[in-house]
Amino acid sequence: MASFTLKSFTGLRQSSTEQTNFISNVPSSLSLPQRRTSLRVTASRASPNLANRKLRVAVIGGGPAGGAAAETLAQGGIETILIERKMDNCKPCGGAIPLCMVGEFNLPLDIIDRRVTKMKMISPSNIAVDIGRTLKEHEYIGMVRREVLDQYLRERAEKSGATVINGLFLKMDLPENWDTPYVLHYTEYDGKTGATGQKKTMEVDAVIGADGANSRVAKSIGAGDYDYAIAFQERIRIPDDKMTYYEDLAEMYVGDDVSPDFYGWVFPKCDHVAVGTGTVTHKGDIKKFQLATRNRAKDKILGGKIIRVEAHPIPEHPRPRRLSKRVALVGDAAGYVTKCSGEGIYFAAKSGRMCAEAIVEGSQNGKKMIDESDLRKYLEKWDKTYLPTYRVLDVLQKVFYRSNPAREAFVEMCGDEYVQKMTFDSYLYKRVAPGSPLEDLKLAVNTIGSVFRANALRREIEKLNV
C-alpha cells in the first residue's frame, strides 16, 4: 500500500515537566444544552508547543462546511488538507442562501443565479399566498447551484494555503495516546492512476468531519445515528417565456400529495428551475411525491426538459455526539439542517468556520497542540447562538405540517404582514426576531381562527364526498 505521510510528528510529546489538568470520565460529546449543567471541562494548563512545524488539520468533505473550515484554518496559520471526492458535487438542495451569508462569507454576486424577492406559498387546495411584501429594496434570498458555490469556496481555501486533494476518505485509525496522530486512509484520484485511484495514508493532529449525512468521520468516532429525510430534485429547463415568470420568484407547495411532513419547491436557477420535495416518514414514496409536485406546477413548467435528477439524505436533527477528542463534526455530518424550512447551506458554512476558529484560537495560530476542550468551545458557541432557531422551527413543523387543515391554516397565516416580517427577518439575518406582544396575541388568535376554518372546510368536503 502506497502511503503519503506529512512531516514527522516531532514536538507532539509532552515533556515530563508539563502538567495537564482535566476531569476524568467526561463524555466525549455534547449534543444537547441540558447536559452542560452537569459537565465542566477544564482546558490544559500548558498545551505543548509544536517544534519546527504547524498544527496539521484534515478537513474531510468539500461542501460549504468543509470549504469554509479549510479557508479559515489556512488563513489562521494551520497546515490544512481538504479531501473531497466529488469535485462537481450537485447535491439536490434547493440552493437558497440568506442575505447575511453573502456579506459574512464575502460571496461574489456572480455566483448567485437569482435574487428572489417574491415567493408563493401554495396550500393543499391550491390557494396561493404572495410573500415578500415586507422585504426592503436591498433584501433578497439568493439562489445558487451547489456545484458553483462549493467549488468557489474550495478554490478560495486553496488560495489561502489549504492543500485540496481529490480523494475518497475511507477510515481513520484513532490515536492510542493523547499525543499521537490520527492516521487517515483514503483513495486519491490524480488522473494518472485511472478510475481505481491510489490508496494512501496521512497523519494529522485533528480532523473536521464535513462529509455529509453519510459521514464516515462520524462513524469513525461512534457519533451515533439520526433520523434523515430523502430529498429528491429534478432540474428542469423550461421555455424562456415561462422562465421569465420565475425570474425573481420561488414557489413552495404544501399538502399530503407533495409530502406528508415537508414541502415541495420550485426554485429558479440560472437557466432552469429546480423542482423537488422531501420526506422523513415515507421515504419509499418519494418519487410519487415528486410527481405530485411537478403536477402542481405543470402549467408553469409545461414544455420543460429534465436535465438532471438528484437525490440525497438530509439530516433531521443533530447527532448524539458531535465531537470526540480532536475530531469535530460540522454541517450535515453534525446534523445542522433546520426543521420546517430544511435549510442547511448557511449553517454548514457557519459551523465549519466556527469550528476552525476554535482550532486557530486554541492552537495560537498553529503553534500549539489542541485538545477536546478547544473544540468544545465551538459546540458551546454554536448551541448558544443557533439552538433557539432550531427549536422554533421544530415546533412550527410539528404544528403546521401534521395535516392538510393545519397546512391550510399555515398558508393563510403566511399572508399576514407581521408574520412575513418576522419570518424574513429571522431567515435573512439568522436570528430569532423579537416580536411585538400585541401583534403576537393577534397572531395567536388569527392562527386559531385559521385552524378552525380549515377544519370546517375539510368536514364540508368530506360530506360532499359521501
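Residues numbered from 1 in each chain as written. Predicted model: local features only at pLDDT ≥ 70, side-chain atom pairs only at ≥ 80, totals over all residues. Heavy atoms only, no water.

Caption draft 1: Looking closely at the pairing of strand β11 (residues 206-209). Where burial is concerned, the two faces of β11 agree: the one with A206 and I208 and the one with V207 and G209 are both buried. Across four bridges, the pairing between strand β1 (residues 56-60) and β11 is parallel. Opposite A58, over in β11, you have V207 as the bridge partner. As defined by bridge partners, β11 adjoins strand β18 (residues 327-329) across three bridges and the pair is classed as parallel. Pairing of I208 across the sheet is with A328, part of β18. (Buried < 20%, exposed > 50% of the residue type's maximum accessible area, 1.4 Å probe, protein only. Helix = DSSP H or I, 4+ residues; strand = E, 2+ residues; numbered from the N terminus. Pairing = 2+ DSSP bridges.)

Caption draft 2: Focus on the environment of F267. Within the secondary structure layout, F267 lies in strand β14 (residues 259-268). Once residues within four sequence positions are removed from consideration, F267 is found in contact with G94, M143, A250, E251, M252, H272, V273 and A274. (Contact = heavy atoms within 4.5 Å.)

Caption draft 3: Up close: the pairing of β14. The buried count for β14 comes to 10 of 10 residues, which makes it a mostly enclosed element. Here four bridges tie strand β13 (residues 249-255) to β14, and the two strands are oriented antiparallel to one another. Across the sheet, residue M252 finds its bridge partner in β14, namely W265. Here β13 folds back onto β14, and the loop between the two strands holds three residues. When β14 meets strand β15 (residues 273-279), the two strands line up antiparallel, connected through four bridges. Each residue of the ladder has a partner; that of P268, found in β15, is V273. In this structure, the hairpin formed by β14 and β15 is closed by a connection of four residues.

Caption draft 4: How the structure looks around the packing of helix α1 (residues 64-75) against helix α3 (residues 146-159). Packing of α1 against α3 leaves a shortest axis separation of 8 Å and a crossing angle of 15°. Considering the angle they form, α1 stands roughly parallel to α3. Seen from above, α1 lies across α3 with left-handed handedness. Contacts between α1 and α3 pair P64, G67, A70, E71 and A74 from the former with R146, L149, D150, L153, R156 and A157 from the latter. When the residues that make up the contact of α1 with α3 are grouped by side-chain class, the tally is six nonpolar, one polar and four charged. (Axes fitted to C-alpha atoms, helices over the stretch in contact; angles between N-to-C directions. Parallel < 35°, antiparallel > 145°, perpendicular 65-115°, else oblique. Left-handed = near helix turned anticlockwise from the far one by under 90°. Nonpolar A, V, L, I, M, F, W, Y, C, P; charged D, E, K, R; others polar.)

Caption draft 5: Inspection of the packing of aromatic side chains at higher detail. Counted under the stated rule, the structure contains 12 aromatic pairs. Plain terms: the ring middles of Y346 and Y386 are 6.5 Å apart, the flat faces sit at 80° to each other, and that makes the pair edge-to-face. Within this pair, whereas Y346 is found in helix α9 (residues 345-362), its partner Y386 is found in helix α10 (residues 372-400), the two being separated by 40 residues in sequence. A residue is classified by how much of its surface remains accessible, and Y386, at 4% relative accessible area, is buried. Measuring from ring centre to ring centre gives 6.1 Å for F347 and W382, while their planes differ by 80°; the resulting arrangement is edge-to-face. Placement of the pair is F347 in helix α9 and W382 in helix α10, with a sequence separation of 35 residues. Assigned by exposure class, F347 and W382 land together as buried. (Phe/Tyr/Trp six-rings, centres within 6.5 Å; stacked < 30°, edge-to-face > 60°.)

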